[in-house]
Amino acid sequence: MENHNESEATAHNVNFQTRIDLAPLSQGIAKIKKELETVIVGQHKMIDQLLVAILSNGHVLIEGVPGVAKTITAKIIAKTISVDFSRIQFTPDLMPSDILGTSVFDLKKSEFEFKKGPIFSNLILIDEINRAPAKTQAALFEVMEERQITIDGHTYVLDTPFIVMATQNPIEQEGTYRLPEAQLDRFLFKINVDYPKLDEEMTILQREHLMQNHGKLDNINTIISGKDFKHYQELVKQIIVEANLLEYIAKIVVNTRENAFLYLGASPRASIAILNASKGYAALRGRDFVTPEDIKDAAIPVLQHRIIVTPEREMEGLTSVEIINQIIDSIEVPR
């Protein structure tokens, strides 16, 4: 009889139950995906990466040619979450004060009053971020890293959550400015958006034909409250990561600094980004613990914009993604 009880206990242990209740998070994310799928055809990888990033409280740079649903995807995600949303169209004549805000003299009070700019929001969509000059890009450094703004000696702390989703076109160069490394390093993920496949293109055309005069966002519902969303982000922080997996992350990042094919390796901020993003992947997949697979999936979108390939290898056609994959393959996966 005792042996029977022991076998039952063992069986119960095998049926793993999560120590963190991720059911509400999983249900909420599933509903957001369902809303996205009513408008966005395919692009499942991009959608997963976007959701992982916002769950991990990280900023996202979305790169792709015009017309591949970068902006509309960000807009839909913003509409499904009940938080403040701002869209800023970057242009060559955009000034830092147009984003952050400016002090205006109040004649009645005979003093300057700070008028907040559009950056004072929860989800910010920056369209064509590479169209603004260096001084405007620099205005984002503090706010993206420290989630605060210092103007005229006063510090303004932004409300949480605060996430920047930025788009850029990699093809057109006229009227654009290259993003500085310090700016790129502040994005948790860089997401590359590909063209749809033939069957997906057909579905896009069919939906557009049937839509008639209806707007794409007309039927998108708000799924999650701001309070719930912040709770989901707190849950993600609690995801369990074993010590050997922390070492695995460190080895991947250190290898980028020692790689002969790379002119610039990744900083410790990249290690932290992989850690946070792998927790986001685990939560997205309904687990309260990180696996090596989560780390592998996080590594490319975290690292590809933070490393620089040597000019010789770049001329040979070697890409940062190929080098990252080589690094991952060279490191023994923890058991």
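Reading guide: rules and limits
Residues numbered from 1 in each chain as written. Predicted model: local features only at pLDDT ≥ 70, side-chain atom pairs only at ≥ 80, totals over all residues. Heavy atoms only, no water. Buried < 20%, exposed > 50% of the residue type's maximum accessible area, 1.4 Å probe, protein only. Helix = DSSP H or I, 4+ residues; strand = E, 2+ residues; numbered from the N terminus. Pairing = 2+ DSSP bridges. Expected span 1.5 Å × (residues − 1). Contact = heavy atoms within 4.5 Å. Salt bridge = Lys/Arg side-chain N within 4 Å of Asp/Glu carboxyl O. Polar contact = N/O pair within 3.5 Å; in protein donor to acceptor, adjacent residues only side chain to side chain. Axes fitted to C-alpha atoms, helices over the stretch in contact; angles between N-to-C directions. Parallel < 35°, antiparallel > 145°, perpendicular 65-115°, else oblique. Left-handed = near helix turned anticlockwise from the far one by under 90°. Nonpolar A, V, L, I, M, F, W, Y, C, P; charged D, E, K, R; others polar.

A.B. asks: With reference to specific residues and values, describe the pairing of strand β3 (residues 85-89).
C.D. replies: Because side chains alternate across β3, one face comprises the buried residues Ser 86 and Ile 88, and the other comprises Phe 85, Arg 87 and Gln 89, none of which is buried. Of the strand pairs in this sheet, β3 and strand β6 (residues 123-127) are connected by 5 bridges, and their pairing is parallel. Each bridged residue has a counterpart across the sheet, and for Ile 88 the counterpart in β6 is Ile 126.

A.B. asks: I'd like a description of helix α6 (residues 134-146), backed by residues and values.
C.D. replies: Relative to the 18 Å expected for 13 residues at 1.5 Å per residue, α6 spans 19 Å between its end C-alpha atoms, a close match to the ideal helical length. Within the span of α6, buried status applies to Thr 136, Gln 137, Ala 139, Leu 140, Val 143 and Met 144. At its buried positions, α6 is contacted by α5 (96-100), β6, β7 (148-151), β9 (163-168) and α7 (181-184). Immediately downstream of α6, the backbone of Arg 147 shows phi near 55°, a positive value.

A.B. asks: So, the pattern of salt bridges: which residues are in play, and what are the values?
C.D. replies: When their charged atoms lie close together, side chains carrying opposite charge are able to pair. Using the criterion set out here, one finds 14 salt bridges in the structure. For the salt bridge of Glu 181 with Arg 178, the shortest nitrogen-to-oxygen distance reads 3.0 Å. According to the relative accessible area criterion, Glu 181 is partly exposed, its value standing at 34%. Classification of Arg 178 by relative accessible area gives exposed; the value is 65%.

A.B. asks: Explain unusual backbone geometry residue by residue, including any values.
C.D. replies: Thr 160 connects to Pro 161 through a cis peptide bond whose omega is -5°. On the secondary structure map, Pro 161 appears in the loop between β8 (154-157) and β9. At Glu 128, a residue that is not glycine, the phi angle is positive and equals roughly 55°. Locating Glu 128 in the fold gives a position in the loop between β6 and α6. Classification of Glu 128 as partly exposed rests on a relative accessible area of 26%.

A.B. asks: Outline the side chain of His 59, supporting the account with residue identities and numerical values.
C.D. replies: On the secondary structure map, His 59 appears in the loop between α3 (44-55) and β1 (60-63). One polar contact links the side chain of His 59 to the main-chain amide nitrogen of Val 164, over a distance of 2.9 Å. The contacts of His 59, once residues within four sequence positions are left out, are Met 144, Arg 147, Phe 162, Ile 163, Val 164, Arg 186, Phe 187, Leu 188 and Phe 189.

A.B. asks: So what about the packing of helix α11 (residues 268-284) against helix α12 (residues 292-303)? Which residues, and what values?
C.D. replies: To characterise two packed helices, one gives the angle between the axes of the helices and the distance between these axes. Relative to each other, α11 and α12 sit at 130°, their axes nearing to 8 Å. Between α11 and α12, the interaxial angle falls into the category oblique. Crossing hand, α11 versus α12: right-handed. Side by side, α11 and α12 meet where Ala 270, Ala 273, Ile 274, Ala 277, Ser 278, Tyr 281 and Ala 282 of the first sit next to Asp 294, Ile 295, Asp 297, Ala 298, Ala 299, Val 302 and Leu 303 of the second. Here the residues of the contact of α11 with α12 sort into 11 nonpolar, 1 polar and 2 charged.

A.B. asks: Would you mind going over the sheet that holds β9 in detail, with residue names and values included?
C.D. replies: Strand order in the open sheet made by the 5 strands is β3-β6-β9-β1-β10, with parallel pairing throughout. At either margin of the open sheet sits one strand with a lone partner, and together these are β3 and β10 (189-192). Averaged over all neighbouring strand pairs, the angle between strand axes comes to 15°, with direction disregarded. Sheet topology note: the β1/β10 ladder contains 4 bridges and is parallel. Considered in β10, the bridge of Glu 63 is made with Asn 192. Its contacts with the sheet place α3 against β1, β9 and β10, and it is angled at close to 165° to β10.

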